[in-house]
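# Breakdown of the fold
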Amino acid sequence: MTLDRTLLNEARDALRAADRVAVLTGAGVSAESNIPTFRDAQTGMWARFDPRQLASPEGFAEAPDRVWNWYRWRRELVASSRPNAGHDALATLQRSRPGVTLITQNVDGFHQQAGARDVLELHGSLQRTVCSVTRRVIDQDWLDEHADAEPPPSPHHPDGLARPDVVWFGEALPAAVIDAALDAAARCDLILVAGTSGEVHPAASLPFIARDHGARVIDVNPEATAISRMADWHLAGPSARWLPALICSA
Ligand code: APR
């Protein structure tokens, strides 16, 4: 896909000129790491389930083994893959200057693997497992000792089960994380959005909050979305290609 060079240069200049930058990413930034988006991931044996059966408290109560195995499958997929050039570019951006806050809806941990720090994970992380009752983290040794159970019991509560530390349908986002993300959006001079459909709130509101506080908006997405339509610059292409082009000389 070719990209309008003038658009790219303008966006690059705006990024360079901004003191405070917020970055918001979604499933699209991991597409080129071969991690399907949540809905696309429902292929093969998972296709017959509704997303709520796999990712909601009700689905977990109904069939904890099914939910546990679905997340195990997703964890293994991530473990067999790597961050891509888009993740690398964002980590470079953060390393190269102060004032860059990285906010993600992804649970794959690729931003951190690429070297990003203090990532605000709005929807949690596949890498952490918690007690379904207390939400305390369960350590890996315990999980290894109880690996035959699907899911393992919780060491923290007699009625608890191990579950992924991800935000399910109907659950609240971690308050401290969303507060920090809202703050970053309200205070930034520019928000760089990549790989999100902008359909899941409150994450999808962040670019609009930033714009309403005077920030410029860059969106990187091969498709048009509500965010790309209001953005100052829509770089219509894949993020593993256009984030490096945008950032590497910013
Ligand atoms: N580069 C950039 N963007 C891409 C690429 C790519 N290579 N490939 C696809 N996209 C875009 C799509 O055009 C789409 O707009 O990524 C977006 C993915 O949209 P969603 O699947 O809705 O992902 P996201 O916006 O992260 O969804 C938010 O919804 O499924 C839940 O909890 C899950 O965190 C997720 C949330």
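Described in the following lines is the structure provided in the data block. What you see is a predicted model, and the numbers here were worked out from it, not measured in a lab.

### So, the sheet that holds strand β6 (residues 190-194)
- An order of β3-β2-β1-β6-β7-β8 is seen for the 6 strands of this open sheet, with the pairing classed as parallel. Two strands bound the open sheet, and with one partner strand each, they are β3 (120-121) and β8 (233-235).
- Bridge count for β6 against strand β7 (residues 216-220) is 5 bridges, and the pairing is parallel. When the sheet's bridge partners are listed, Leu190 is paired in β7 with Arg216.
- Sitting on the sheet, helix α1 (residues 5-17) is in contact with β1 (21-25), β6, β7 and β8, with an inclination near 120° to β8.

### Here's the deal with a negative patch on the surface
- A grouping of Asp139, Asp141, Asp144 and Glu145 is seen on the molecular surface, where their side chains present a negatively charged patch.
- Along the chain, Asp144 falls in helix α7 (residues 140-145).
- Given a relative accessible area of 48%, Asp144 falls into the partly exposed group.

### What to know about the packing of aromatic side chains
- This model, assessed by the stated rule, comprises 4 aromatic pairs.
- Between Phe60 and Trp168, the ring centres sit 5.3 Å apart and the planes meet at 50°, which makes this aromatic pair tilted. One end of the pair, Phe60, is in helix α3 (residues 57-62); the other, Trp168, is in the loop between β5 (162-166) and α8 (175-187), and 108 residues separate them in sequence. Trp168 shares its class with Phe60; the two are buried.
- Considering the side-chain rings of Trp70 and Tyr71, the 6.2 Å spacing of their centres and the 75° angle between planes classify their relative orientation as edge-to-face. As far as the burial class goes, Trp70 and Tyr71 line up, both buried.
- Among the aromatic side chains, those forming a connected cluster through ring pairs are Phe60, Trp70, Tyr71, Trp73 and Trp168.
- Just above the ring of Trp68 sits the side chain of Arg75; from NZ or CZ to the centre is 5.4 Å.
- Sitting over the ring of Trp168, Arg163 keeps its end group 3.6 Å from the ring centre.

Basis of the calculations
- Residues numbered from 1 in each chain as written.
- Predicted model: local features only at pLDDT ≥ 70, side-chain atom pairs only at ≥ 80, totals over all residues.
- Heavy atoms only, no water.
- Pairing = 2+ DSSP bridges.
- Helix = DSSP H or I, 4+ residues; strand = E, 2+ residues; numbered from the N terminus.
- Contact = heavy atoms within 4.5 Å.
- Axes fitted to C-alpha atoms, helices over the stretch in contact; angles between N-to-C directions.
- Patch = residues over 30% accessible without salt bridge, like charges linked within 9 Å, V, L, I, M, F, W, Y side chains within 5 Å.
- Areas by Shrake-Rupley, 256 points an atom, 1.4 Å probe, with all protein chains shown as cover.
- Salt bridge = Lys/Arg side-chain N within 4 Å of Asp/Glu carboxyl O.
- Lys, Arg positive; Asp, Glu negative; His and termini not counted.
- Charge placed at Lys NZ, Arg CZ, Asp CG, Glu CD.
- Buried < 20%, exposed > 50% of the residue type's maximum accessible area, 1.4 Å probe, protein only.
- Phe/Tyr/Trp six-rings, centres within 6.5 Å; stacked < 30°, edge-to-face > 60°.
- Lys NZ or Arg CZ within 6 Å of the ring centre and 35° of its normal.

On their own, these measurements won't tell you what the molecule is for.
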